[in-house]
Amino acid sequence: MPIDILTITNHDRNIFQGKYIYPVVSRRAGGLSLGINLNTNNACNWQCIYCEVPNLVRGKPETINLKELESELDYWLDQIINKSFLSQYTKSKTEFKDIAFSGNGEPTASKQFKDVICILIKKINEYKLDKKIIIRLITNGSYMANPVIQESLSLIRNFNREIWFKIDGVKEHDIQTVNQVNLSLVTIKKNLEAALNNGPTVIQTCFFKLNEQLPSLESLGAYINFLKLYENKVKGIHLYSLARLSEQPSQNKLTRLTKFELEVIASKIKILNIPVQIFS
Ligand code: SF4
């Protein structure tokens, strides 16, 4: 296999064989991220119009083979920590940054989420990675207030951890259009507050042109007003646009925002006392 096969633009999860665990070099993580995909059936409870998951279906993850997941996690940690994986397959100075729940759907929809957290804790302790890497949960937040998810996250309260919480808009119409779910502001508040109570939380927002139209000032204003309520609690905002083509069928035309367009939006959001980072 060629050197430097893993780059920020090559996120092919099939480069290395494995069902649940895959390495990627992530711009937002700032280095090597070991991804955990609990949604091997490409099922999500949302259907964002920009989603890059091929053959996405509505639904929940299928049953996870926990033994297989643990053995894959062990294999990859051994490759990264004890073997020469980083020097062989990534650019020099790439660091191992996180283990991230980042799959082909919503990870917290899995009934075995807590079991997977327990496996993760075991392996992080075994490889003495506590304080060296971050456990990241990349989520649309819909199950965040569920008591089992709360309990699962409380198990990692003494680890470095972050919740990356998706909010692409707060107006019901925008959410219906972009995420294709019915979600009220009350529910978003409940979910976000549950996340904030469980760990440092970074908002993930994808902006793009929809049928040639930039996000409206009204939508942006509502987004800013909503986050104002949490400006001393939210750790940061990640703004990004479409990195790759959407895999979802749609009548709508989606266009990636330029860096300048993202910067203009960021300059408005910076009225908030929350650090904003752009990934273009
Ligand atoms: S929440 Fe994530 S996985 Fe689910 S549809 Fe949206 S982008 Fe895709």
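Definitions and limits used
Along each chain, residue indices are assigned from 1 in the same order as the chain's sequence is written. Given that this is a predicted model, residues contribute local features only at a pLDDT of at least 70 and side-chain atom pairs are listed and counted only at 80 or more, while totals for whole chains, interfaces and linings are drawn from all residues. With hydrogens and water set aside, each side-chain value is computed from the structure's full complement of heavy atoms. Only DSSP runs of H or I reaching four residues or more are called helices, and only runs of E reaching two or more are called strands; each is numbered from the N terminus. Expected span of a helix, by definition, is 1.5 Å for each gap between consecutive residues, and there is one gap fewer than residues. Each residue gets one of three labels from its accessible area relative to the maximum for its type: buried under 20%, exposed over 50%, partly exposed in between, using a 1.4 Å probe on protein chains only. The directions considered for the arc are those from the helix axis to the C-beta atoms. Whether two residues are in contact is decided by their heavy atoms, any of which lying within 4.5 Å being enough. For helices, the fitted axis covers only the stretch in contact; all axes are lines through C-alpha atoms, and the angles between them, taken along N-to-C directions, range from 0 to 180 degrees. Each angle gets one of four labels, with under 35 degrees taken as roughly parallel, over 145 as roughly antiparallel, 65 to 115 as roughly perpendicular, and the rest as oblique. With the far helix as reference, a near helix turned anticlockwise by less than a right angle produces a left-handed crossing, and one turned clockwise produces a right-handed crossing. Classes in brief: Ala, Val, Leu, Ile, Met, Phe, Trp, Tyr, Cys and Pro nonpolar; Asp, Glu, Lys and Arg charged; the others, Gly included, polar. Nearness of a residue to a molecule or strand requires only that one of the residue's heavy atoms be within 4 Å of it. Throughout, nonpolar core names a set of buried Ala, Val, Leu, Ile, Met, Phe, Trp, Tyr and Cys residues whose side chains join them through atoms within 4.5 Å. For two strands to be treated as a pair, DSSP must find no fewer than two bridges joining them. Two kinds of site are reported from a 1 Å grid over the protein atoms alone, namely cavities, where a 1.4 Å probe fits but cannot get out, and pockets, open sets with protein on both sides within 12 Å along at least five of seven lines, and residues are called lining when an atom falls within 4 Å of a point. Grid points are joined across faces, edges and corners, and a volume is the space filled by probe spheres set on the points.

Caption draft 1: Quick look at helix 7 (residues 217–228). Over its 12 residues, helix 7 extends 16 Å from the first C-alpha to the last, a length consistent with the 16 Å expected when each residue adds 1.5 Å. Taken residue by residue, helix 7 has Ser219, Leu220, Tyr223, Ile224, Phe226 and Leu227 as its buried positions. Buried residues of helix 7 fall within an arc of 160° about the axis and therefore sit on the same side. Within helix 7, the exposed residues directed more than 90 degrees away from the buried face are Leu217, Glu218 and Asn225. Looking at the packing, one finds that the buried side of helix 7 touches helix 5 (172–178), helix 6 (185–196), strand 8 (201–206), strand 10 (236–240) and helix 8 (259–269).

Caption draft 2: Layout of the packing of helix 7 against helix 8. The contact between helix 7 and helix 8 brings their axes to 10 Å, and the two run at 45°. Viewed along their axes, helix 7 and helix 8 adopt a mutual orientation that is oblique. Helix 7 and helix 8 meet at a crossing whose hand is right-handed. In this structure, helix 7 contributes Leu217, Leu220, Tyr223 and Ile224 to the contact, and helix 8 contributes Ile265, Lys268 and Ile269. Residues of the contact of helix 7 with helix 8, tallied by class, amount to six nonpolar, no polar and one charged.

Caption draft 3: Inspection of helix 3 (residues 113–126) at higher detail. For helix 3, with 14 residues, the first-to-last C-alpha span of 20 Å sits near the 20 Å given by 1.5 Å per residue. Within helix 3, burial applies to Phe113, Val116, Ile117, Ile119, Leu120, Ile121, Lys123 and Ile124. Of the residues flanking the end of helix 3, it is lysine 128, one or two places downstream, whose phi is positive at about 50°.

Caption draft 4: Focus on the site of the ligand. Close contacts around the ligand come from Cys44, Trp46, Gln47, Cys48, Cys51, Leu56, Gly105, Asn140 and Lys166, and that covers them all. Within the shell around the ligand, the residues separate by chemical class into five nonpolar, three polar and one charged.

Caption draft 5: Expanded view of the nonpolar core. Counting 83 residues, the largest nonpolar core has Phe96, Ile99, Phe101, Ile167, Ile237, Leu239 and Ile269 as the members making the most contacts within it. Among the elements that take part in this core, helix 3 stands out by supplying seven residues, more than any other.

Caption draft 6: Representation of the sheet that holds strand 1 (residues 21–26) within the structure. Strand order in the open sheet made by the eight strands is 1-2-5-6-7-8-10-12, with mixed pairing throughout. Among the strands making up the open sheet, the edge pair consists of strand 1 and strand 12 (276–279). Strand-to-strand, the axes of this sheet are offset by a mean angle of 25°, without reference to chain direction. Bridge count between strand 2 (residues 31–36) and strand 5 (residues 96–101): five bridges; the pairing is parallel. Among the inter-strand pairings, serine 33 is bridged to a residue of strand 5, identified as aspartate 98.

Caption draft 7: Local environment of the layout of surface pockets. Each pocket or cavity is described by its volume, and for the second largest pocket that value is around 310 Å³. Along its surface, the second largest pocket is lined by 17 residues, and Asp174, Val178, Leu210, Pro215 and Ser219 are the ones closest to its centre. Of all the secondary-structure elements, those providing two or more residues to the lining of the second largest pocket are helix 5, strand 9 (208–210) and helix 7. The element contributing the most residues to the lining of the second largest pocket is helix 5, with four residues. Partitioning the lining of the second largest pocket into residue classes produces nine nonpolar, six polar and two charged.

Caption draft 8: The arrangement of empty space enclosed by the protein in detail. Per the stated rule, a full pass over the model turns up two cavities of 30 Å³ or more. By volume, the largest cavity amounts to about 80 Å³. What lines the largest cavity is a set of 13 residues, and nearest its centre among them are Trp46, Asn140, Lys166, Leu183 and Ile188. Contributions of two or more residues to the lining of the largest cavity are made by strand 7 (161–166) and helix 6.

Treat this as a map of the structure, not an account of what it does.
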